[in-house]
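Report on the structure
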Amino acid sequence: MVELVLSPIRFLSLSPHRPSRPFISAMASLPPASSAAESPAGKRVVVCGGGVVGACTAYFLATKGAAHVTVVEKSAIACAASGKAGGFLALDWCDSGPVGGLARASFHLHRSLAAALDGPAKYGYRSLDTLSLSILPSGSPAAAAKSSPSLPPWVDGPTARPPRTIGTTETTAQVHPQLFTRTLLSAVAERHGVEVLIGELDRVEVAGGRAVGVALKGGDSRLIPADAVVLALGPWSNRSPIVSSLFNVSGLKAHSIVLRPKAPNAITPHALFLSYQTAPGAKMLDPEVFPRPTGEVYICGMSKEAEVPDDPEEIVGESESIAMLHEIAGKVSSHLKDGEVEVVAEQACFLPCTDDGLPVIGEIPGIKSCYVATGHSCWGILNGPATGASLAELILEGESTTADLKPFSPSRFLRRSTRQAV
């Protein structure tokens, strides 16, 4: 069992409840926003959003030579989906669609980052085997059947058929997403002076068709100047008129629980993708189970479309969905039944989804130096590194070499609007 330790991040604030002057002084010491012709090494970038995509973008901007990077987050780093996701990584599961190249590049970047940042110790990076199996409901004629010998010993609930291997240690892996996100920012805060500012975005300031900074709500409303602005706000992207006037981002509410079994060393590194019915003939559910090297076991599922609240801290899980995840956990393993575990978390988060199911990554049409990265749905943790690296290249070098961003360009919505108007 691994104990994960996180280095502190330097936080600044412009909220009404925290002093703002240190940040204002730091910003006042910087020169005015530069022209578009400035070299990459002189660029200052404000990244709005402290989730995994924003953190990866800030990391690669800093390591690729941006002069100054500021991350603006309303609540706390990785406070939403990036802190409550499963952290599952897959090399080739997206190969059938446009996201395949992005996912493959990102999977390899995860491995490189883990080597550079001591990922196994800092944020639980590890390769693992992945199985697909069906768990039988209570009352099923075969409910007393013995588990398949090909199952890990801790998976002792009745199954409908032998498990199917859908990932190996070469093709699937995991991270603890909250610790991964915070580790990235800790690393560049310490080595490159990246600042994390707690405050709520009010607007992107635009002059002459170009983003020149951002203004925050409350406290001191002084403009934070920038040569480029990145909107990585997940399902809250729609709160920016720059985004909502072009495309829609909705939220899919996903529930999860985190359990700590009494015998954590009995739980082997096998990710489980399940099919489960509460009773014969009932709707099929598709929960997922991810053991972590910390000794915790993460179980998620029970997703539904819902209204995204203003504050990520206000998100709570629905009792029926949480109860169902506990039921599923107990069906999977006697190690995960009530009374055999400590309940670490019962929670929910919102996954950002676009109307065409693809992420949006690139420069906003009509506004130079204003970029967006959102809509990654359930693959945000996987695709964060390649998204961040590609955006950093686009901002600093004019084009992306890590991944082809053409399928994800915001301009695709502009073309659709034009066709609809004809």
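As the structure is a prediction and not an experimental result, all values here were calculated from the model. (Residues numbered from 1 in each chain as written. Predicted model: local features only at pLDDT ≥ 70, side-chain atom pairs only at ≥ 80, totals over all residues. Heavy atoms only, no water.)

**Side note on the environment of D355**
Position of D355 among the secondary structure elements: in the loop between β18 (341-354) and β19 (360-363). Accessibility expressed as a relative area gives 61% for D355, which makes it exposed. Each C-alpha atom of the pair D355 and S250 lies 8.1 Å from the other, and the pair is 105 residues apart in sequence. Only 3.4 Å separates the side chain of D355 from the side chain of N248, close enough to count as a polar contact. (Helix = DSSP H or I, 4+ residues; strand = E, 2+ residues; numbered from the N terminus. Buried < 20%, exposed > 50% of the residue type's maximum accessible area, 1.4 Å probe, protein only. Polar contact = N/O pair within 3.5 Å; in protein donor to acceptor, adjacent residues only side chain to side chain.)

**Here's the deal with helix α9 (residues 380-397)**
Helix length check: α9, at 18 residues, gives a terminal C-alpha distance of 24 Å against a target of 26 Å (1.5 Å per residue), a fit within 8%. Along α9, the sharpest kink reaches roughly 25°, centred on A386. Counting buried residues in α9 gives 16 out of 18 residues, a clear majority hidden from the surface. Phi turns positive, to about 95°, at G398, one or two residues after α9. (Expected span 1.5 Å × (residues − 1). Bend = angle between axes of the 7 residues up to and from the residue.)

**As for the nonpolar core**
Grouped together as the largest cluster of nonpolar side chains are 59 residues, with contacts concentrated most on L61 and Y123. With nine residues, helix α2 (residues 52-63) is the largest single contributor of residues to this core. (Core = buried A, V, L, I, M, F, W, Y, C linked by side-chain atoms within 4.5 Å.)

**Quick look at the environment of K64**
Mapping K64 onto the fold places it in the loop between α2 and β3 (68-73). Taking the relative accessible area as the measure of exposure, K64 reaches 32% and is therefore partly exposed. Along the backbone, K64 and E397 are 333 residues apart, and their C-alpha atoms lie at a distance of 9.6 Å. With near-sequence residues (within four places) excluded, K64 lies in contact with A389, A392, E393, L396 and E397. (Contact = heavy atoms within 4.5 Å.)

**Quick word on the pattern of salt bridges**
In this structure the tally under the stated criterion is 15 salt bridges. Among the salt bridges present, the one from R203 reaches E205, with a minimum N-O distance of 2.9 Å. Since its relative accessible area comes to 40%, R203 is described here as partly exposed. Residue K304 pairs with E318 through a salt bridge whose shortest N-O separation is 3.5 Å. Of this pair, K304 sits in strand β17 (residues 297-305) while E318 sits in the loop between β17 and α8 (319-332); the two residues are 14 residues apart in sequence, bridging distant segments of the chain. With a relative accessible area of 38%, K304 lands in the partly exposed category. Under the relative-accessibility criterion, E318 is labelled partly exposed at 25%. Salt bridges sharing partners connect three or more residues here, namely K74, E200 and K217. (Salt bridge = Lys/Arg side-chain N within 4 Å of Asp/Glu carboxyl O.)

By themselves these figures say nothing about function.
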